[in-house]
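Structure at a glance
Listed below are the residues making up each chain.
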Amino acid sequence: MRKQRKQEGTLRIPHSRRPQVLLLGNGLNRVYGGASWAGLLEKINRTAFTPEQVKGIPLPMQAVLLSEDHVDDSLKDLRQELTQCQLHPWLGIQLRRLLSMPFDCILTPNFTYELECAADPDFLRAPGRVRRYQRHTEAVPRAERRFMLHTYYELPTGRGTVPLFHVHGEARKPDSVILGHYFYGNLLFCYDDYLTHRAPERHYRMGRHPQGMPVLSWLDYFILGDVYSLGFGFDTSEMDLWWLLCRKKRELAAHGELYFIEPARRSSETKIAMLRAYNARHLSLGMGELEGPEYQRFYEKAIQEIGRMVHERR
C-alpha cells in the first residue's frame, strides 16, 4: 500500500484560468539527425518493401505492413536502443527552455525519453530511477501497461514539477505503443468512454471546486487547456488526435485554443485548412519553406513565442 500511495499523484486544474499545455512532437529531435519515422520503419522492416514504397498508405499502417503486423515484437527488439539518454547539446538547451516554462502539463506522442533526460540525465540509468518519477492519477489503482490515459512522469523543473504524458505509449513498455488501426480504434474507444462517462463532472464545471478541478486523465488538459503544438506534424493519419480536436471544438464548457506552430509550407495548405475547420490556430511566425539549418532558427523563435504566450495566460 505504501508504494501505491507514493505513485499516485494529485493533479488539479485551477478554476481561475485555463491550463497551459505543451504538445511536443519529434520535430526538434530531427534538427540534428535524431530518430526519424523512416529510420524506425527501416529497423522493423521484415518485408521486401522499402519505406519509400509504402508512403502512399497512412503512417500507422506503414509500420504494420513492414513489420508483418508484429510491431510490438519489433519494438521489444529495439527497446535498448530507444531507451537511451543521448541529447545533442542544442536539443538539451531547447528542451530545458521548455521545461522552465510554467506549463500545467506536457503531452508527447513520442515513444522516446528526450524530455525526461533533459530534466534528469540519469533518468534511464536504472529501473528504480524511472519508478521514482512515475505517477498515476486516482482514476486507476496502478500505472497502466496499455492505453496510458492516466499514467505520467512527474518531472522536476526549475520552478517545481510538471506532469508528462506519453499519449501514444513509450519504448520502455512496447505493449503500450499505439501503431496500426486496431490499436488506434481501441484507443479512441477509451477516449470516448472517458469523456462520456468518467470525466470529472462530465461537463467540467470547474467553479464547483474551490481548489481546482481534479485531473483524472491527460484528456482533461487537452480538452480544457490552451494547447501549443510544436514539432508535431498533425498528419491526417493521427486519427485519435484529430477526433480529440473535434471533441474539443464541441465541448460545452469554457475551453482553450489549440495553436499549431509550423512554417507555412505549400504542402501543408490543406492540413492547415482542416485544422482551422476545427478552430485550431496556425502560427507560422512569418516563416515559410525552410531547409536544414533554418529549422533551428524556427524552433528557437517558436519556443520564445510560446514562452511569451504562456506567461501572459498564467
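Remarks on the sheet that holds strand β4 (residues 134-136)
With respect to topology, eight strands assemble into an open sheet ordered β4-β5-β6-β3-β2-β8-β9-β10, the strand pairing being mixed. Edge positions in the open sheet fall to β4 and β10 (281-283), since each of these has one partner strand only. When the angles between neighbouring strand axes are averaged without regard to direction, this sheet yields 30°. In this structure, strand β5 (residues 151-157) lies alongside strand β6 (residues 160-166), joined through five bridges in antiparallel fashion. Across the sheet, the residue bridging to Leu155 is Val162, located in β6.

Examining the environment of Glu116
Tracing the chain through its elements places Glu116 in helix α8 (residues 114-119). Not counting residues within four places of it along the chain, the set of residues in contact with Glu116 comprises Phe123, Tyr153, Leu155, Leu164 and His166.

Some thoughts on the state of the cysteines
Evaluated as defined, the whole model comprises one disulfide. Put simply, Cys85 and Cys117 are joined by a disulfide, and their sulfur atoms are 1.6 Å apart. Because the torsion about its S-S bond is -65°, the bridge between Cys85 and Cys117 counts as left-handed. Here Cys85, found in the loop between α6 (79-82) and α7 (89-99), pairs with Cys117, found in helix α8; they are 32 residues apart in sequence, far enough to count as distant. Its relative accessible area of 4% is what places Cys117 among the buried residues. The closest cysteine sulfur to the non-disulfide-bonded Cys190 is located on Cys105, 18 Å from its own sulfur. As a non-bridged cysteine, Cys246 has Cys190 as the owner of its nearest cysteine sulfur, 19 Å distant.

Quick notes on the packing of aromatic side chains
Going through the model one piece at a time under the given rule, you end up with 17 aromatic pairs. Note on Tyr191 and Trp243: the rings are 6.4 Å apart at their centroids and 35° apart in plane angle, and the pair reads as tilted. Taken together, the residues Tyr191 in helix α10 (residues 181-198) and Trp243 in helix α12 (residues 239-250) connect sequence positions 52 residues apart. On the basis of relative accessibility, which here comes to 0%, the residue Tyr191 falls in the buried class.

Definitions and limits used
Residues numbered from 1 in each chain as written. Predicted model: local features only at pLDDT ≥ 70, side-chain atom pairs only at ≥ 80, totals over all residues. Heavy atoms only, no water. Pairing = 2+ DSSP bridges. Helix = DSSP H or I, 4+ residues; strand = E, 2+ residues; numbered from the N terminus. Axes fitted to C-alpha atoms, helices over the stretch in contact; angles between N-to-C directions. Contact = heavy atoms within 4.5 Å. Disulfide = S-S within 2.5 Å. Buried < 20%, exposed > 50% of the residue type's maximum accessible area, 1.4 Å probe, protein only. Phe/Tyr/Trp six-rings, centres within 6.5 Å; stacked < 30°, edge-to-face > 60°.

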